[in-house]
Amino acid sequence: MDANLTDKAERLATEIATQAKTLDDLNGLMKLMMKSALERMLDTELDVHLGRKRLPGSAVDSPAQVTVNPGAESPTKGAKNRRNGHSQKTVQGDLGEIKLTTPRDRDGTFEPQLIPKHQRRLTGFDTKILALYAKGMTTRDIQEIVKELYDVDVSPTLISEITADLDAEVTAWRTRQLDPVWPIVYLDGIVVHVRGGNGRVSAQTMYVALGVNMQGRKELLGLWLSETEGAKFWLSCLTDLKNRGLKDIFIACIDGLTGFAEALHAAYPEAKVQLCIVHLVRAALKYVTDKDSDQVIADLKMIYKAATVSEAEAALERFAQAWDAKYPTIVKQWRLKWPDIVAMFEFPPAIRKAMYTTNAIESVNSVIRKFTRNRKQYPNEESALKLVYLAIHEASKKWTLPIPKWREALNHFMIIFEDRLPAMNRK
């Protein structure tokens, strides 16, 4: 907006402020202004189409150049096409429903660009519907909010139409090509409830792959859905990533699912496996009373926060002495999975912190959980994938910065994995 237009807008706002007494008055005036502006702009479009006006800033060397539409005739030739009254049209937007009188031409060749034929929603309105959808709101929730905020009635069919374009977007996203090398990839599954073809709602697993690229930024690599979480299905997910161009993973952070590490090594033999510390601690707390939970968490932290493997082993022994009599299952599980728990000690502190600090995948899971709380179930598998994608896509707009300490971690990656780095990163 240029300075002159800004000045006019401020003067108009000052004048409106002296006339409007309530928010309803202000909304009414804004709707009237929007209606007037849209109708004037549509009239100008038709004038340009008929050759009566030229677009601002366009150079005209001859009368024949005035027209911007091949279907319109030059005014110097006695153009037969002309205005042919108006038609009524109601559009929906941020200010509610606005009834417009849209101009017509006699030949029916006028194709308005501001509000195309058959379009019933102003630009930006669909985006707001999708944003509400991405927050996990149900169709009924959206209907009520849009009615309350904009005094616009939206039907379930309309919401379906708005979200229909997501299908192609999600398909393109799920089949897109990926960078060949990812330093860190987090793999996790989270339970969602989906209505199946038989009409019954069942718990299914949403498989999530989140990567950290060479710039240290998070990116969701893939989403898959299956009735159960198993290593066999994880192998198919990893194969999909490989087919889409992901050739090498330096470190894969996974949960303790049986056979998961073997499936990962089948797809990426050189990848280092690190069990997710958050999952390990969460699994341990299943056996712990509320009274002991804080102390158990503190003692487990001494293990994975240790400086070396030896210190970690000593911390595990102290944990066993303190808690083995009361919670023997915890020590048994940690000892059984010890090689994949201490994999991070092969790396310097900068990389180690990036590995066991699972805020990256937990932030994604929290988005899905919040979405699931609002939307108790999904009508089908396609809907579940589409809506979870939309929710994470909305959340990912905040993923603009590298993960903490990334520059320091990258320096170590470039030394440890020098022969596996992309050519551009070796320089």
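Definitions and limits used
Residues numbered from 1 in each chain as written. Predicted model: local features only at pLDDT ≥ 70, side-chain atom pairs only at ≥ 80, totals over all residues. Heavy atoms only, no water. Helix = DSSP H or I, 4+ residues; strand = E, 2+ residues; numbered from the N terminus. Buried < 20%, exposed > 50% of the residue type's maximum accessible area, 1.4 Å probe, protein only. Polar contact = N/O pair within 3.5 Å; in protein donor to acceptor, adjacent residues only side chain to side chain. Contact = heavy atoms within 4.5 Å. Lys, Arg positive; Asp, Glu negative; His and termini not counted. Salt bridge = Lys/Arg side-chain N within 4 Å of Asp/Glu carboxyl O. pLDDT = per-residue confidence, 0-100. Core = buried A, V, L, I, M, F, W, Y, C linked by side-chain atoms within 4.5 Å. Patch = residues over 30% accessible without salt bridge, like charges linked within 9 Å, V, L, I, M, F, W, Y side chains within 5 Å. Areas by Shrake-Rupley, 256 points an atom, 1.4 Å probe, with all protein chains shown as cover. Charge placed at Lys NZ, Arg CZ, Asp CG, Glu CD. Phe/Tyr/Trp six-rings, centres within 6.5 Å; stacked < 30°, edge-to-face > 60°. Lys NZ or Arg CZ within 6 Å of the ring centre and 35° of its normal.

Turning our attention to the side chain of Asp188. Here Asp188 lies in strand β3 (residues 181-195). Overall, the relative accessible area of 2% leaves Asp188 in the buried class. A distance of 2.9 Å separates the side chain of Asp188 from the side chain of His279, its partner in a polar contact. The residues contacting Asp188, other than those within four sequence positions of it, are Met206, Tyr207, Val208, Trp234, Asp255, His279, Ile361 and Asn365.

To continue, consider the side chain of Asp255. Along the polypeptide, Asp255 turns up in the loop between β6 (248-254) and α8 (260-267). Of the side chains with opposite charge, Lys337 lies nearest to the buried Asp255, which makes no salt bridge, at 7.8 Å. Within the structure, Asp255 has its side chain in polar contact with the backbone nitrogen of Leu257 (distance 3.1 Å). Ignoring any residue separated from it by four or fewer positions in sequence, one finds Asp255 in contact with Leu187, Asp188, Glu229, Phe260, Leu275 and His279.

Low pLDDT marks stretches whose predicted atomic positions should not be read closely. Confidence along the chain averages 79 in pLDDT terms, with 71% of residues attaining 70 or more. Scored below 50 in pLDDT, residues 57-78 makes 26 contacts in the model with residues more than four places away or belonging to other chains.

Counting 90 residues, the largest nonpolar core has Met206, Leu223 and Trp334 as its most contacted members. For this core, the leading source of residues is β3, giving 9 residues. In contact with Leu223, other than residues within four places in its own chain, are Trp173, Arg174, Met206, Tyr207, Val208, Leu385, Val388, Tyr389 and Ile392.

For the rest of this paragraph, the subject is a positive patch on the surface. The grouping of Lys301, Lys305, Lys353 and Lys405 at the surface amounts to a positive patch. Its location among the elements puts Lys301 in helix α10 (residues 290-304).

Below, the discussion takes up the packing of aromatic side chains. Under the defined criterion, the tally for this structure stands at 10 aromatic pairs. With centroids separated by 4.5 Å and ring planes inclined at 50°, the aromatic side chains of Tyr207 and Phe233 adopt a geometry described as tilted. Of this pair, Tyr207 sits in strand β4 (residues 201-212) while Phe233 sits in helix α7 (residues 231-243), placing them 26 residues apart in sequence. Residue classification places Tyr207 among the buried residues on the basis of a relative accessible area of 0%. One aromatic cluster in this structure is built from Phe250, Phe347, Trp406, Phe413 and Phe417. Across from the ring centre of Tyr268, 5.2 Å away, lies the NZ or CZ of Lys242, which sits over that ring.

To continue, consider the pattern of salt bridges. Tallied over the entire structure, the rule returns 8 salt bridges. A salt bridge links Glu346 to Lys272, with the shortest nitrogen-to-oxygen separation between them at 3.0 Å. With Glu346 in the loop between α13 (338-341) and α14 (349-356) and Lys272 in strand β7 (residues 272-275), the pair connects residues that are 74 residues apart, well separated along the chain. Glu346 sits in the exposed class, given a relative accessible area of 51%. On the basis of relative accessible area, Lys272 is assigned to the partly exposed category, the value being 31%. Arg335 is the salt-bridge partner of Glu317, the closest N and O atoms lying 2.9 Å from each other. On the criterion of sequence distance, the pair formed by Glu317 in helix α11 (residues 309-323) and Arg335 in helix α12 (residues 328-336) is long-range, its members being 18 residues apart. Linked by salt bridges that have partners in common, Asp43, Asp47 and Arg83 make up one network.

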